[in-house]
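Given next are the chains, with one letter for each unit.
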Amino acid sequence: MHGADRRLVLGLHRSRHHRDNLTAALDLGITALDTAAPYFGFRSHVALAETAADLLPKFTLSTKVGFFPIGGGTEHSLDPVRLRLAVERAARELGGEPDTVLLHNPERSLAGLSPADGHALLGNACTALAGAARDGLCRTWGVASWDTRPLGMVRVEDLPSPDVLMVRAGFLVGIDLLDATTVLRTAWQAGEIWGMSPFGGGHNRKVWEDFDPRPFLRPPHDGLSRVQAAFRTAFHLPTASAVAVGTDDPGHMAQLVQALNAEVDTAIVSQYLRALHGHRQS
């Protein structure tokens, strides 16, 4: 078994939730696991408890609440009562309190609201999750946002500060979104930043055939692939302490673990960001 490294988070979005996948992750030293209430057809928590109850204590587990089943579909809600009940349900289904509970894509319910209404709605939701953490239903709480720009329209300075802000990361994130995340993190005084979806939904996308991110790494590259370089650099786009990747392929996991040993040339990252800003202004 490799030494534990929590910088790589195994995400369960689109995962088949097989026990073998979790065992392979542990063997590689991957000890952080991220899921959400709606994953696996709203059965992620139950499936984990049924297939890997003995393995879960070996992981630092984060989950997300904010989406709810309705009829044959899904609805999003920031209602604080529903969120509190969702956190309680997650703990019951998992057989224990998760380490972190994240507010799942709050921007979905903020769309179309005035800044004042959005501020009140988001504030009540954050207060509910902060209260859940205070009451021992989870250790820490945070916000997972696919698009942080709508959150920037809401004055967050006087809202509870999340322990974790989980955002999109990597080369496929536009400069507008990267800037919005930086502003939000500073204004909200968020604790840790976690990245997600560094490959934009698939590491086999053609973009990695056309674009080589290995120059962003300090030599020697030790034979790392373009995908490995893209993953490692995602920790700096934006700066993040951990990055979540969804995969059911132990070989892909092993490649990502290997990539963690590479060192990113932050001067080249800064140059890249300046170029993006210049292109936007031209």
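Predicted, not measured: the structure shown is a model, and the values here were computed from it. (Residues numbered from 1 in each chain as written. Predicted model: local features only at pLDDT ≥ 70, side-chain atom pairs only at ≥ 80, totals over all residues. Heavy atoms only, no water.)

Here we take up the packing of helix α3 (residues 44-52) against helix α4 (residues 80-94). Axis separation between α3 and α4 bottoms out at 8 Å; the angle between their running directions is 20°. Comparing their axes, α4 and α3 come out roughly parallel. Crossing of α3 over α4 shows right-handed handedness. Taken together, the residues of α4 that come into contact with α3 (itself represented by His45, Val46, Leu48 and Ala49) are Ala90, Glu93 and Leu94. The class makeup of the residues in the contact of α3 with α4 is five nonpolar, one polar and one charged. (Axes fitted to C-alpha atoms, helices over the stretch in contact; angles between N-to-C directions. Helix = DSSP H or I, 4+ residues; strand = E, 2+ residues; numbered from the N terminus. Parallel < 35°, antiparallel > 145°, perpendicular 65-115°, else oblique. Left-handed = near helix turned anticlockwise from the far one by under 90°. Contact = heavy atoms within 4.5 Å. Nonpolar A, V, L, I, M, F, W, Y, C, P; charged D, E, K, R; others polar.)

The biggest cluster of nonpolar side chains holds 45 residues, and the ones touching the most others in it are Leu8, Leu10, Leu22, Ile30, Leu33, Phe199 and Phe231. Of all the secondary structure elements, the ones that give two or more residues to this core are β1 (8-11), α1 (19-27), α3, α8 (175-188), α10 (226-233), β10 (242-246), α11 (250-259) and α12 (266-281). The contacts of Ile30, once residues within four sequence positions are left out, are Asp5, Leu8, Leu10, Ala25, Phe59, Met253 and Val257. Ranked by size, the runner-up nonpolar core spans 30 residues in total, among them Leu129, Leu184, Ala190 and Ile193. (Core = buried A, V, L, I, M, F, W, Y, C linked by side-chain atoms within 4.5 Å. Buried < 20%, exposed > 50% of the residue type's maximum accessible area, 1.4 Å probe, protein only.)

In this section: the packing of aromatic side chains. Under the definition given, this model contains seven aromatic pairs. Ring centres 5.0 Å apart and planes at 70° place the aromatic pair Phe171 and Phe211 in the edge-to-face group. Of the two residues, Phe171 is situated in the loop between β8 (164-168) and α8 and Phe211 in the loop between α9 (207-210) and α10; the sequence distance between them amounts to 40 residues. Following the ring pairs from residue to residue traces out a cluster consisting of Phe171, Phe211, Phe216 and Tyr272. Here the basic side chain of Arg82 rests over the ring of Phe68, its NZ or CZ set 4.2 Å away from the ring centre. Taking NZ or CZ as reference, Arg168 lies 4.5 Å from the ring centre of Trp146, over its face. (Phe/Tyr/Trp six-rings, centres within 6.5 Å; stacked < 30°, edge-to-face > 60°. Lys NZ or Arg CZ within 6 Å of the ring centre and 35° of its normal.)

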